[in-house]
Amino acid sequence: MFTGLIEEVGTLRRVKKQGEAMVLTVEASKVTEGVALGDSISVNGVCLTVIAFDRTSFDADVMPETYRKSNLHQLRPGQDVNLERAMMAGGRFGGHIVQGHVDGVGIITGRETDANAVVFAIRLSDDEMMRYVIPKGSITIDGISLTVVGTHAAGFSVSVIPHTLGETALMNKKAGDSVNIECDVIGKYVDHLLHYKPAGRSGSAGHTESKLSAAFLSENGFL
């Protein structure tokens, strides 16, 4: 689990592709401190497993599902990537709950200055993701914990303060660039519990239809 507070901007040094499988080599210094084989590191918001490392870099596998769901396959050697180590128990929870499980990709459609902030407008590749995008709620963009400041039919906008912009690879992003999107996991779980229905009794032993409905939540003071 991560918090969406980027620890370091690393540099992609090598990409080894075989079909929809890849091995990424990322140059870094901070996130390699105390690293061990099997550790999790978020690369542009994608939770990857360390399979090899030295003092200045680490390698990570990318499986086909990750290849298809994220923009990692678009990366080229020399590009900057946002890095964060998995959260330690007892650490400060500075952002929000981030799993590193990307829901899909968004395209930056606009970048405008608003006083001391920069507002990014983003169009989602899958309209279904909008059900989890809540105004003033949390969202993860390339691994960065941000707040949704506005929504529209096919996307949303976020406002980024100078510190966040300067300490992440978002600084170099422009209109037309893609970003990895992870919606708030709490919203996804609530949505699943509200709408889950077993496909049928066959093969669904132990599953029952959820009793969590909008009416139930309202009757019990949650809505």
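Worth saying up front: this structure is predicted, and the values here are computed from it rather than measured.

S.K.: Help me understand the sheet that holds strand β12 (residues 178–183) in this model?
M.R.: Pairing between the strands of a sheet is mediated by backbone hydrogen bonds and can be parallel or antiparallel. Strand order in the closed barrel formed by 6 strands is β7-β8-β11-β10-β9-β12, with antiparallel pairing between adjacent strands. Neighbouring strand axes in the sheet, compared pairwise and without regard to direction, differ in orientation by 45° on average. As paired strands, strand β7 (residues 104–114) and strand β8 (residues 117–124) are joined by 8 bridges and run antiparallel to one another. Along β8, the bridge assignment pairs Asp 114 with Ala 117.

S.K.: Got a minute to help me understand the confidence of the model for the protein chain in this structure?
M.R.: Atom-level detail of predicted coordinates should not be read off regions where pLDDT is low. Model confidence for the protein chain is summarised by a mean pLDDT of 90, while 91% of its residues fall at 70 or above. A low-confidence stretch, residues 201–208 stays under pLDDT 50, and its non-local contacts, those more than four residues away or across chains, total 4 contacts.

S.K.: Would you mind showing me how to read the pattern of salt bridges here?
M.R.: Opposite charge on two side chains allows them to pair when their charged atoms are near. For the structure shown, the criterion picks out 9 salt bridges. Where Arg 85 meets Glu 7, a salt bridge forms, and the shortest distance between an N and an O atom there is 2.7 Å. Of this pair, Arg 85 sits in strand β6 (residues 80–85) while Glu 7 is found in the segment before β1 (8–18), placing the two residues 78 residues apart along the sequence. Given the relative accessible area of 25%, Arg 85 is considered partly exposed. Salt-bridge contacts for Glu 20 lead to Arg 68; the nearest nitrogen and oxygen are separated by 2.5 Å.

S.K.: What should I look at first to understand helix α3 (residues 185–195) in this one?
M.R.: Helical geometry note: an α-helix holds 3.6 residues per turn, so side chains three or four residues apart project in the same direction. Residues Val 185, Lys 188 and Asp 191 constitute the buried set of α3. Each buried residue of α3 sits inside an arc of 125° when the element is viewed along its axis, so together they form one side.

Each value, and the rule that gives it
Residues numbered from 1 in each chain as written. Predicted model: local features only at pLDDT ≥ 70, side-chain atom pairs only at ≥ 80, totals over all residues. Heavy atoms only, no water. Pairing = 2+ DSSP bridges. Helix = DSSP H or I, 4+ residues; strand = E, 2+ residues; numbered from the N terminus. Axes fitted to C-alpha atoms, helices over the stretch in contact; angles between N-to-C directions. pLDDT = per-residue confidence, 0-100. Contact = heavy atoms within 4.5 Å. Salt bridge = Lys/Arg side-chain N within 4 Å of Asp/Glu carboxyl O. Buried < 20%, exposed > 50% of the residue type's maximum accessible area, 1.4 Å probe, protein only. Arc of directions from axis to C-beta.

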